[in-house]
Structures are given as structure tokens and as C-alpha cells.
Amino acid sequence: MKIRNLTIHRWMVVVLAVVLIAAVAGGALAYSRRGGKSKTSNISKANALKIDVAQELKGAVTKLLKDFEAQNKGIKVTTNFVSATALAAAVKKDKPDLAIGTRPQIVALAKSVKLQGKPAVLGSDQLTIVVAKGNPKKVKADLTVFGTHTSITSGTCKPKGRCLAFTTTASKAAKVDLHPDRTDAPAALVNAVADNKLDAALVLRTQAMQRAGKTTRIALPLKTNAAIQFAIGRVHAGGSVSKFMAFLATPKATQALTAFGLRG
């Protein structure tokens, strides 16, 4: 009789355990169906990385991701380049692991899409003076060369855009009235300096890098310069995202970003 009662007792324990496990699993499933988040809902996959990027960063990010994939062969990267005005909508629709754009864009995005932690800085862009390699005309690190009392030929940005806006801001901060010999597209100005057809040009650092081997850059004083940061918003955390963020701190990543003028 004791053996039979012991057997029944053991079966009751087993049955209760099964019922308890089923209840927990069922509750978790119901919670998930109601929209509850599991512990892994915000974790990126270990073998895939999806990124939405502002179009203006295509060159730099493409090179950066190529180097990242070379060091992480098990991770497949999918990139969606969109216009600056379409970045927020793209992120809401695509639900990528990362979003990359200007810092104001990413900060604004955080109000509509929950991000993991604070935006991380990718790099920045700012005005710089481009002169012939070695600075043979001894151009100084200010805006006086773009004024009226100089024999040095100079050029500033003509089309609408960040370069022109930053130039206007910098001239007001430096209290210098700009009277360049030439106004043109940034690329044309940089080429003119590299080909010794112009002594100095005021353009963005990212624009100046197109003829880096033939020119020298002169940084403006911080109090008169204008700059903008580019940032990364993490829609997901962990997995491939953690590996990419760690990669950004490597010399390889710094080299790639410097080559495009986003650092250095």
C-alpha cells in the first residue's frame, strides 16, 4: 500500500509540473500576442546587419561597411540609402538595426522610434581652407584671404546647400566681408586649387578630400568655424550591432572615415 501511494504521489508531482510549465508558456505566448516584448525583441541578429543611411554619407559608409564585412565574414550587411528628408520614414518602415544621418536627424528620429541608448557620433564635417600642396602662398588660418585687401585669388561656394550656409555663418562670426574672385560648386573650386588655377577655396572638409593628394587643408579657428555632426541611432542592440559599434573604434574605421573628411 505504501509503495502504491508513493507511486501515485510521484505521478501527481509530474502532472503538476507539466501543468505549471504549460501555464507559463501559454502566458508568455499570450503576452507576446498582446504586444508584450520578450527579452530578445530588441536584440539584433548575430549574422545580419541592416542599416538605413542618409544619401550624403553613401561614399564614406560604403567603404566603412566594406572594411567591416572583411573583418566579420559571417555577417551580411544590407544598406538602404535614402534622402535626408526620407530617413525618418524609412526607419519607421524598415525597422533596421541602425540609422545613420546628421545628429539633428537622429535626435529627431528618437522621438518617433525607440532607440537603444544615446546617439553615437560617427564623425563631423566643417569648413576648411584648401590651398595648393604645401601652402606655397602662406595662406593664414582665417578668412581674410577671402576679403578685398589681398592679392591671393580665392573662391567660395555658389550653389545653395550646407557649404554656402556654413560660409555665411563663418564670415559673420569672423566679421569679414567676403569678396572672393570666384564663386562656384565646391568640386570645381577644389579642382581649380589642385590645378593651380586658384590660390585658396573655402569648402567643407568632405568636399576638400576629393583632391587630398594635390592640396593642403588649413583648419579654421573653432570660434569662426561651422560644423555638423553625423550620428548613429541604434534601433536594436547586441548581436551584429555591438560588433559594428566596436569596429568603429578600430584604426581601420578611423582611417576610412578620415579619408572621407568625417574625422581628422
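Residues numbered from 1 in each chain as written. Predicted model: local features only at pLDDT ≥ 70, side-chain atom pairs only at ≥ 80, totals over all residues. Heavy atoms only, no water.

Caption draft 1: Quick peek at the pattern of salt bridges. Tallied over the full model, the rule gives five salt bridges. When the shortest N-O distance is used, the salt bridge between aspartate 67 and lysine 63 registers 2.7 Å. In this pair, aspartate 67 and lysine 63 are both assigned in helix H2 (residues 58-71), four residues apart and thus about one turn of the helix distant. Here arginine 182 ties to aspartate 184 by a salt bridge, and the two come within 2.9 Å at their closest N and O atoms. (Salt bridge = Lys/Arg side-chain N within 4 Å of Asp/Glu carboxyl O. Helix = DSSP H or I, 4+ residues; strand = E, 2+ residues; numbered from the N terminus.)

Caption draft 2: Seen up close, the packing of H2 against helix H8 (residues 239-247). Running from N to C, H2 and H8 point in directions that differ by 115 degrees, and their axes come no closer than 11 Å. Our classification of the angle between H2 and H8 gives roughly perpendicular. Taken as a pair, H2 and H8 cross one another with a handedness that is right-handed. Taken together, the residues of H8 that come into contact with H2 (itself represented by Leu64, Leu65, Asp67, Phe68 and Gln71) are Ser240, Lys243, Phe244 and Phe247. (Axes fitted to C-alpha atoms, helices over the stretch in contact; angles between N-to-C directions. Parallel < 35°, antiparallel > 145°, perpendicular 65-115°, else oblique. Left-handed = near helix turned anticlockwise from the far one by under 90°. Contact = heavy atoms within 4.5 Å.)

Caption draft 3: Inspection of the packing of aromatic side chains at higher detail. All told, the structure shown has two aromatic pairs when counted by the stated rule. Measuring from ring centre to ring centre gives 5.3 Å for phenylalanine 68 and phenylalanine 244, while their planes differ by 85 degrees; the resulting arrangement is edge-to-face. Note that phenylalanine 68 is positioned in helix H2 and phenylalanine 244 in helix H8, a separation of 176 residues in sequence. This pair shows no difference in class: phenylalanine 68 is buried, exactly as phenylalanine 244 is. Members of the aromatic cluster, joined through ring pairs, are Phe68, Phe244 and Phe247. (Phe/Tyr/Trp six-rings, centres within 6.5 Å; stacked < 30°, edge-to-face > 60°. Buried < 20%, exposed > 50% of the residue type's maximum accessible area, 1.4 Å probe, protein only.)

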